[in-house]
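# Observations on chain architecture
Listed here are the chains, written in short residue letters.
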Amino acid sequence: MNPPKHIAIIMDGNGRWASKRFLPRIQGHQKGVKAVRKVVKHCGKLGIETLTLFAFSSENKNRSNEEVSLLFKLFLSVLKQEVNKLNKHNVKLKIIGDLGLFPQEVQQTALDAQALLANNTGLTLVIAANYGGQWDIAQAAQQIAKRAANNEISADDINIDTFSQYLSLADQPKVDLLIRTSGELRISNFLLWEIAYSELYFTDTLWPDFNPAELDKAIESFNHRDRRFGERKDKAC
Ligand code: IPE
Ligand code: IPE
Ligand code: MG
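Within any chain, residue numbers begin from 1 and follow the written order of that chain's sequence. Labels are handed out in written order, letters beginning with A for the chains and numbers beginning with 1 for the ligands. Given that the model is predicted, a residue must reach a pLDDT of at least 70 before its local features are reported, and side-chain atom pairs must reach 80 or more before they are shown or counted; all residues, however, enter totals for whole chains, interfaces and linings. Hydrogens and water are ignored here; the side-chain numbers use all heavy atoms of the structure.

As recorded in an unreviewed UniProt entry, the protein goes by Undecaprenyl diphosphate synthase and comes from hydrothermal vent metagenome. UniProt positions are given in the numbering used here, feature names are shortened, and annotations may be inferred rather than shown by experiment. A UniProt comment under Cofactor (unreviewed entry) is attached to the protein, and it reads "Mg(2+)".

Shown next as structure tokens:
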């Protein structure tokens, strides 16, 4: 079994972590950032190629204005605070999602951070922000339709491989392992196309309590999976 090259995580449970302690939800998100730091560092050490984190879904904008604006502020301060440390650890950053929703300052800081880290060769950290799997498939279809209208691509050229090239994770290895914390057993419009053959791992641990040991447990579980991809090693019928 090969170790996972690409791990994706639905970091869920920040609000419940805070509620259990009678704290405002934002304190759960702040504590969640600490878990992100530890997990990113650990993935770097393990030699994982890509870590994709679901930070804000396209549906999360429908939460209260207060929570959304606090999340934007937190995203901005984390981007600013962490960029030098990420650089020191040779981490490359890629932000995926419909960033148009974010205040101009957040968009610019995100662009600057990605540019600063662009030549790093260690872990690629992908942050999915205002991201939805359905949005990603729709934006890929839109790009292809525009190219077809310009006669740059013909309908016959559109297949699984060519379509994949228009998705946000086109340049990353296939997602081997998808983790969701907090006990929910759903995808919540995270990666859809990319998880066709990913191994899924669900844990009741709330995201702020997730740590390197929990990640090791998920990888250990992955290492025991029999990934068949629809085939059989035993060719006899
Ligand atoms: C995940 O935690 C973080 C975001 C969605 C931004 P939640 O905020 O969804 O926490 P719960 O699910 O309410 O506990
Ligand atoms: C998914 O969690 C989004 C993120 C973790 C960023 P949600 O808390 O938004 O998902 P639902 O509402 O429980 O499906
Ligand atoms: Mg949630």
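What follows is about the site of ligand 1. When we say a residue is near a molecule or strand, we mean one of its heavy atoms is within 4 Å of it. In the vicinity of ligand 1 there are 13 residues, among which Asp 12, Gly 15, Arg 16, Arg 25 and Arg 63 approach most closely. Identification of polar contacts relies on pairs of N or O atoms within 3.5 Å, with a donor-acceptor requirement for protein atoms, meaning one able to donate a hydrogen and the other able to accept it, and with residues adjacent in sequence counted only if both atoms are side-chain atoms. Take Gly 15: an N or O atom from its main chain is 2.9 Å from an oxygen atom of ligand 1. Arg 16 places a main-chain nitrogen or oxygen 2.7 Å from an oxygen atom of ligand 1. The cavity where ligand 1 resides is the largest pocket. Only protein atoms enter the 1 Å grid used here, on which a cavity is any set of points holding a 1.4 Å probe that cannot leave and a pocket is any open set flanked by protein within 12 Å on both sides along at least five of seven lines; residues with an atom within 4 Å of a point are listed as lining. Just a note on the criterion: a molecule sits in a pocket or cavity if more than half of its atoms are within 2 Å of the grid points.

What follows concerns the nonpolar core. In plain words, nonpolar cores are sets of buried Ala, Val, Leu, Ile, Met, Phe, Trp, Tyr and Cys residues tied together by side-chain atoms within 4.5 Å. Three exposure classes are used, based on accessible area relative to the maximum for each residue type with a 1.4 Å probe and protein chains only: buried under 20%, partly exposed in between, and exposed over 50%. Grouped together as the largest cluster of nonpolar side chains are 42 residues, with contacts concentrated most on Ile 7, Ile 9, Leu 51, Leu 53, Ile 95, Leu 125 and Ile 179. A total of eight residues in this core trace back to one element, the largest contributor, which is helix H3 (residues 65–88). The contacts of Ile 179, once residues within four sequence positions are left out, are Ile 7, Ala 8, Ile 9, Ile 10, Tyr 201, Phe 210, Leu 215 and Ala 218. One finds Ala 8, Ile 96, Tyr 131 and Leu 191 within the second-largest nonpolar core, a separate group that totals 14 residues. Only DSSP runs of H or I reaching four residues or more are called helices, and only runs of E reaching two or more are called strands; each is numbered from the N terminus. Contacts: residue pairs with any heavy atoms within 4.5 Å of one another.

It is worth spelling out the site of ligand 2 at this point. Lining the immediate environment of ligand 2, one finds Ile 10, Met 11, Asp 12, Phe 54, Ala 55, Phe 56, Asn 60, Arg 63, Arg 180, Arg 186 and Ser 188. Between ligand 2 and Asp 12, the relevant distance is 3.2 Å, taken from an oxygen atom to a side-chain nitrogen or oxygen of the residue. Arg 186 is positioned such that a nitrogen or oxygen atom in its side chain is 2.8 Å from an oxygen atom of ligand 2. Every accessible area reported is derived by Shrake-Rupley at a probe size of 1.4 Å, with residue values counting cover from the shown protein chains alone. Out of a free accessible area of 390 Å², ligand 2 has 78% covered by protein chains. Judged by the fraction of its atoms near the pocket grid, ligand 2 is located in the largest pocket. Counting residues per element, the shell around ligand 2 draws most heavily on strand E2 (residues 50–57), which supplies three residues. Amino acids are sorted into nonpolar (Ala, Val, Leu, Ile, Met, Phe, Trp, Tyr, Cys and Pro), charged (Asp, Glu, Lys and Arg) and polar (every other residue, Gly among them). A per-class count over the shell around ligand 2 returns five nonpolar, two polar and four charged.

So, about the packing of H3 against helix H4 (residues 104–116). To define axes, lines are fitted to C-alpha atoms, for helices over the stretch in contact only, and angles between the resulting N-to-C directions are given on a 0 to 180 degree scale. Remark: H3 packs on H4, axes separated minimally by 10 Å, with the N-to-C direction vectors making an angle of 15 degrees. With respect to their mutual orientation, H3 and H4 come out roughly parallel. Of the two possible hands of crossing, H3 and H4 adopt the one that is left-handed. The segment H3 lies against H4, with Phe 72, Phe 75, Leu 76, Leu 79, Lys 80, Val 83, Asn 84 and Asn 87 engaging Glu 105, Val 106, Thr 109, Ala 110, Ala 113 and Leu 116. Its residues assigned to classes, the contact of H3 with H4 shows nine nonpolar, three polar and two charged. Throughout, the term roughly parallel applies to angles under 35 degrees, roughly antiparallel to angles over 145, roughly perpendicular to angles from 65 to 115, and oblique to all others. Helix crossings are classified by the rotation of the near helix relative to the far one: an anticlockwise turn of less than a right angle makes the crossing left-handed, while a clockwise turn makes it right-handed.

What follows deals with the pairing of strand E6 (residues 199–202). Consecutive side chains along a regular strand alternate between the two faces of the sheet. Only one face of E6 is buried: it carries Glu 199 and Tyr 201, and the other face, with Leu 200 and Phe 202, is open. Judged from the four bridges that link them, strand E5 (residues 177–180) and E6 form a sheet pairing that is parallel. Across the sheet, the residue bridging to Arg 180 is Phe 202, located in E6. Should DSSP find at least two bridges between two strands, the strands are regarded as paired.

A separate point is a positive patch on the surface. Patch definition: residues with relative accessible area over 30% and no salt bridge; like charges joined within 9 Å; nonpolar side chains (Val, Leu, Ile, Met, Phe, Trp, Tyr) joined within 5 Å. In the sections that follow, a salt bridge refers to a side-chain nitrogen of Lys or Arg positioned within 4 Å of a carboxyl oxygen of Asp or Glu. Working convention for charge: Lys and Arg count positive, Asp and Glu count negative, and His plus the chain ends are omitted. A charge is said to be at NZ when it belongs to Lys, at CZ for Arg, at CG for Asp and at CD for Glu. Together, Lys 20, Arg 21, Lys 31, Lys 34 and Lys 38 make up a region of like positive charge exposed at the surface. For the positive patch, the element with the highest residue contribution is helix H2 (residues 25–46), accounting for three residues.

Here we come to the packing of H2 against helix H7 (residues 212–223). Contact pair H2 / H7: the axes reach a minimum separation of 9 Å and the direction vectors enclose 50 degrees. Overall, the two elements H2 and H7 adopt an arrangement that is oblique. Seen along the crossing, H2 lies across H7 with a hand that is right-handed. Every residue of H7 that contacts H2 at Lys 38, Val 39, His 42, Cys 43 and Leu 46 is listed here: Pro 212, Leu 215, Asp 216 and Ile 219. A per-class count over the contact of H2 with H7 returns six nonpolar, one polar and two charged.

Here we come to the sheet that holds strand E1 (residues 6–10). Strand order in the open sheet formed by six strands is E3-E4-E2-E1-E5-E6, with parallel pairing between adjacent strands. In the strand order of this sheet, the two ends are held by strand E3 (92–96) and E6, each with one partner. On average, each strand axis in the sheet is inclined to that of its neighbour by 20 degrees, with strand direction left out of account. Summarising the sheet, E3 and strand E4 (residues 124–131) pair through five bridges and their orientation is parallel. Its bridge partner lying in E4, Ile 96 is registered against Ala 128. Sheet strands in contact with H2 are E1, E2 and E4, and its direction is about 160 degrees off that of E2.

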